[in-house]
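# Notes for the structure review
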Amino acid sequence: MAVVNRCSRAATAATTANATTAPTFAYLIRSLSPFSSSSSTFDPQNDLNNRNKPAVLGTLKRESKGRNVQWVFLGCPGVGKGTYASRLSNLLGVPHISTGDLVRDELASSGPLSSQLKEIVTQGKLVSDEIIIDLLSKRLEAGEAKGESGFILDGFPRTVRQAEILEGVTDIDLVINLKLREEALLAKCLGRRICSECGGNYNVACIDIKAENGRPGMYMAPLPPPPQCASKLITRPDDTEEVVKQRLRIYQAMTRPVEDFYRSRGKLLEFDLPGGIPESWPKLLCALNLEDREDKQSAAA
Ligand SMILES: Nc1ncnc2c1ncn2[C@@H]1O[C@H](COP(=O)(O)OP(=O)(O)O)[C@@H](O)[C@H]1O
């Protein structure tokens, strides 16, 4: 995918050379104990003037200090964090790091943590901050060794403590808070399918919410697998109705406060998904002042 910087704001960080390194394992672990307080970049005047707009979109150049973007995706289970984080990662050339994927990789590896994690994940609970930071640190460290810089985090931070630890070790430029109507979230989770062979993500749910009481309708087409994956689809064990409802409750209790954490620092970009990918992707790019030339060309073809 080709990226064009339309207004020189969000994309600036993506196109400049690497100047700082990703947080390292040692940094993150050191910050765990004793518990470190956050290094706030809160600017009350800026925040007051930009109630609905993250200050960071206007000041990204200064905050990014010439390195690749360090963005975070927030949002309820099923909202589509993985889909949009992965698209942006391709567009901006930075790694998409999903802590959910790290947990699932660890589960699949049958390592020492595996059985402990299985119990937690299948109950829809959160893994401890210590374990998740350990997994994330190892992933960042491996990426650093390969020359990666910047990241789009998906699924981290999920608690205020995780956000504070992250804040203590590196600057997050922007936090994209994806939002979707509640009635669509459960259906989207239950419709998720993964190809057991290639790892591709699909969704068999067709969301068709009718307009009602002045509220507009919403349509999200399924994302069907290609024929070669159709017979190899699996469902995540934590995508059952009972577990998804539990994950949604935990999101409200543990992760909702993370939105306030970043809102108060002027870093939160609220994005209401208007529908499926064809509608939402161009609007998200527009909100980020980015343009996907290849996407436009293929749409025009
Ligand atoms: N930052 C985190 N902190 C604690 N647990 C996590 C974190 N990220 C992932 N997990 C664990 O992995 C599971 C799957 O995460 P993820 O794929 O991000 O799911 P979701 O679809 O709920 O966003 C979570 O329910 C939780 O058990």
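The following paragraphs examine the structure supplied in this document. (Residues numbered from 1 in each chain as written. Predicted model: local features only at pLDDT ≥ 70, side-chain atom pairs only at ≥ 80, totals over all residues. Heavy atoms only, no water.)

### Observations concerning the overall build of the chain
Summing up its helical and strand segments, the chain has 13 helices and 12 strands in all. Taken over 301 residues, the chain has a buried fraction of 48%. Put simply, 77% of the contacts in the chain that link residues at least 6 apart link residues at least 24 apart. Summed over all atoms, the accessible surface of the chain reaches about 14500 Å², with 53% contributed by carbon and sulfur. (Helix = DSSP H or I, 4+ residues; strand = E, 2+ residues; numbered from the N terminus. Buried < 20%, exposed > 50% of the residue type's maximum accessible area, 1.4 Å probe, protein only. Contact = heavy atoms within 4.5 Å. Areas by Shrake-Rupley, 256 points an atom, 1.4 Å probe, with all protein chains shown as cover.)

### Comments concerning the environment of glycine 200
With respect to the helices and strands, the residue glycine 200 is situated in the loop between β6 (192-195) and β7 (201-203). Looking at glycine 200, the relative accessible area reads 16%, which means it is buried. Taking C-alpha positions, glycine 200 is 8.0 Å from proline 225, a pair spaced 25 residues apart along the chain. Once residues within four sequence positions are removed from consideration, glycine 200 is found in contact with Arg193, Ile194 and Cys195.

### Notes on the side chain of arginine 236
For arginine 236, the position within the fold is in the loop between β10 (233-234) and α11 (241-263). Arginine 236 sits in the buried class, given a relative accessible area of 14%. Within the structure, the side chain of arginine 236 is placed 3.0 Å from the side chain of aspartate 238, a separation counted as a polar contact. Each residue touching arginine 236, except ones within four places of it in the same chain, is listed here: Arg104, Arg192, Ile194 and Arg247. (Polar contact = N/O pair within 3.5 Å; in protein donor to acceptor, adjacent residues only side chain to side chain.)

### Notes on the packing of helix α9 (residues 160-169) against α11
At a minimum axis separation of 8 Å, α9 and α11 run at an interaxial angle of 40 degrees. Here α9 is positioned oblique relative to α11, judged by the angle of their axes. On α11, the residues that touch Val160, Ala163, Glu164, Leu166 and Glu167 of α9 are Met254, Pro257, Val258, Phe261 and Tyr262. (Axes fitted to C-alpha atoms, helices over the stretch in contact; angles between N-to-C directions. Parallel < 35°, antiparallel > 145°, perpendicular 65-115°, else oblique.)

### A short note on the side chain of aspartate 129
Examined against the element boundaries, aspartate 129 turns out to sit in helix α8 (residues 129-145). Within the local environment of aspartate 129, its side chain forms a polar contact with the side chain of glutamine 162, the two groups lying 2.8 Å apart. Filtering out sequence-adjacent residues up to four positions away, aspartate 129 remains in contact with Thr159, Arg161 and Gln162.

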